[in-house]
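Report on the structure
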Amino acid sequence: MYSDEFTVKENLSLSPLLEVLADVFHRYSKHDPSLEQPLRSILPINDQQNALLNLPCIDTQRGYMCVKTITSFPGILPAIDGVVSLFNSNNGRLLLIADAKEITARRTAAVSFLATKLLASNKLKNENAVLTILGCGVQGRVHLDVFTELFKWNKIYLWSRNMTHAINLQSDYSSKLNNIELLENLNDNRILQSDVICTCTASKEALLSLHQVKKGVHINAVGSFRATMRELADDLMLSSDTTVIVDSKESAMKEAGEIIQSKAEIVAELGELIENNEFCDGISKDKITIFKSVGMAIEDLAAAIVLYEYLQECREK
Ligand SMILES: NC(=O)C1=CN([C@@H]2O[C@H](COP(=O)(O)OP(=O)(O)OC[C@H]3O[C@@H](n4cnc5c(N)ncnc54)[C@H](O)[C@@H]3O)[C@@H](O)[C@H]2O)C=CC1
Ligand SMILES: O=C(O)C1=NCCCC1
């Protein structure tokens, strides 16, 4: 069965995806032996920023195995291309091949939302909450889709190095939302009003420093996945007001520029926060929380399982 990007978009629902993501993140961080995920391979092409990535994992508890093979060519749009393959882990049969662009986009934004729910639940109770998205490429757009599907924001600010991307995104949303405003530069004081910020760029230099954000902000830093990439400055990473959470300690220490360059302490993995009210409720309102995501195979597995099981259900009806 092949699912192209439109099929993925139409059939991959966020609510079951969030549930399966929470389960696999929890089991990953508990080192559950039924879930195996080696460090992914990232093969740079001719020492340039382009790369071939391979992300495998096995979940014998759910009875699936998954491998995503993608290219990342930041200079060519869309930057990511490839496929996600889902197999039965009991008999080795191939079950589904799906477009990796859409799976990667939606699962990454869903993980950012999960992190926001766990680390900043107080912000999601606030009717006046403000969301800012930096970078309006594929990830910026899908973060806007997912974050507005799951929560009603009072105000949304968009910034992109290429302002046309931000203008187009605002305009595509104009019939649905009239509370989106554009930021022309990163010194705009409106960033200081943000309760949640998602950074979704391929930047190699820090875009956000400590003085640009308010105390208590939650940041999902999505863009960097190499030692040379980063979106957040050292003073933000290293502030005593900051708590840094990652998807995987092993991956973040190898791939996340912000962590590698700043040597910031990683307080926990996202999976350690699942069913851990003591930790989540114990985060003071004034703490800046940073979720640094680099991406993992189990996220693609979760998305492929939800999509496959839903398509099977539709077939059987
Ligand atoms: N954490 C994760 O699981 C995932 C992370 N990513 C990463 O997220 C980033 C965004 O991915 P896509 O939206 O798919 O790419 P894209 O190519 O669609 O968008 C990239 C955005 O970054 C901006 N940008 C590039 N260099 C910049 C700079 N120096 N300063 C400011 N903005 C800059 C571009 O203007 C564009 O808005 C990439 O670095 C990608 O590798 C992508 C997928 C999953
Ligand atoms: O997890 C992924 O998939 C990716 N992570 C970093 C950038 C390329 C795709």
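Residues numbered from 1 in each chain as written. Chains lettered and ligands numbered in written order. Predicted model: local features only at pLDDT ≥ 70, side-chain atom pairs only at ≥ 80, totals over all residues.

When helices and strands are counted, the chain shows 10 helices and 15 strands. For the chain, the C-alpha radius of gyration of 19 Å lies close to 20 Å, the compact-globule estimate for 317 residues. Taking the principal axes of its C-alpha atoms as reference, the chain extends roughly 55 × 45 × 40 Å. Across the 317 residues in the chain, those meeting the buried criterion constitute 46%. Put simply, 68% of the contacts in the chain that link residues at least 6 apart link residues at least 24 apart. (Helix = DSSP H or I, 4+ residues; strand = E, 2+ residues; numbered from the N terminus. Rg over C-alpha atoms; globule rule 2.2 N^0.38 Å. Buried ≥ 20, exposed ≤ 12 C-beta atoms within 10 Å, placed from the backbone. Contact = placed C-beta atoms within 7 Å.)

Moving on, we get to the environment of Val244. Within the secondary structure, Val244 is located in strand 13 (residues 242-246). Note on Val244: 25 C-beta atoms within 10 Å, which makes it buried. Distance from Val244 to Pro44, taken between C-alpha atoms, is 28 Å for residues 200 residues apart in sequence. Apart from the residues lying within four places of it in its own chain, the contact partners of Val244 are Met237, Ala264, Glu265, Ile266, Val267, Ile290 and Lys292.

A separate point is the site of ligand 1. By nearness alone, 28 residues border ligand 1, and Gly137, Gln139, Thr201, Ala202 and Gly295 come closest of all. Only helix 3 (100-119) and helix 4 (138-150) provide two or more residues apiece to the shell around ligand 1. When its residues are assigned to classes, the shell around ligand 1 shows 12 nonpolar, 14 polar and two charged. Structurally, the shell around ligand 1 is a two-domain feature, drawing no fewer than three residues from each of domain 1 (2-104 + 297-316) and domain 2 (123-292). (Near = placed C-beta within 6 Å. Nonpolar A, V, L, I, M, F, W, Y, C, P; charged D, E, K, R; others polar. Domains from an automatic or database assignment.)

Compared with the 22 Å implied by 1.5 Å per residue over 16 residues, the 22 Å span of helix 2 (residues 14-29) between its first and last C-alpha is a close match. When we look at burial in helix 2, the residues that qualify are Leu17, Val20, Leu21, Ala22, Val24, Phe25, Tyr28 and Ser29. Buried-residue contacts for helix 2 involve strand 2 (35-36), strand 4 (51-59), helix 3, strand 14 (268-269) and helix 10 (297-316). Backbone geometry just after helix 2 places His31 at a positive phi near 55°. (Expected span 1.5 Å × (residues − 1).)

Taken together, the neighbourhood of ligand 2 is formed by Leu53, Ser72, Ile80, Thr104, Phe225, Val294 and Gly295. Across the shell around ligand 2, the residue classes break down as four nonpolar, three polar and no charged.

Here we take up the domain arrangement of the chain. Under the domain assignment, the chain is made up of domain 1 (2-104 + 297-316) and domain 2 (123-292). With 10 residues of domain 1 in contact, the opposing surface of domain 2 contributes 14 residues. Tallied by class, the residues present in the side of domain 1 that touches domain 2 amount to eight nonpolar, two polar and no charged.

What follows deals with the sheet that holds strand 12 (residues 218-221). In spatial order, the strands read 10-9-8-11-12-15-13-14; together these eight strands make up an open sheet with parallel pairing. A strand with exactly one partner marks an edge of an open sheet, and here the two such strands are strand 10 (180-182) and strand 14. Note: strand 9 (residues 155-159) against strand 10, three bridges, orientation parallel. Directly across from Tyr157, in strand 10, lies its bridge partner Glu181. (Pairing = 2+ DSSP bridges.)

Counting 97 residues, the largest nonpolar core has Leu21, Leu301, Ala302 and Ala304 as the members making the most contacts within it. Top contributing element to this core by residue count: helix 3, with 11 residues. Residues from two domains meet in this core; each of domain 1 (2-104 + 297-316) and domain 2 (123-292) gives at least three. Sequence-distant contacts of Ala304, defined by excluding residues within four places in its chain, comprise Cys66, Val84, Leu86, Leu96, Ala98 and Ile103. (Core = buried A, V, L, I, M, F, W, Y, C linked by C-beta atoms within 7 Å.)

With burial as the criterion, each face of strand 12 is covered, one bearing His218 and Asn220 and the other bearing Ile219 and Ala221. Where strand 11 (residues 196-199) lies against strand 12, four bridges are found, and the strand directions are parallel. Looking at the pairing, Ile197 lines up with Ile219 of strand 12. Where strand 12 meets strand 15 (residues 288-292), four bridges bridge the pair, whose relative direction is parallel. Bridge pairing in strand 15 links His218 to Thr289.

The next subject is unusual backbone geometry. Residue Pro78 is bonded to the preceding Leu77 through a cis peptide linkage, with omega at -10°. Residue position: Pro78 is located in the loop between strand 5 (64-72) and strand 6 (80-88). With a phi close to 60°, Lys263 is a non-glycine residue in the positive phi region. Within the fold, Lys263 resides in the loop between helix 8 (257-262) and strand 14. Residue classification places Lys263 among the exposed positions, given that 10 C-beta atoms sit within 10 Å.

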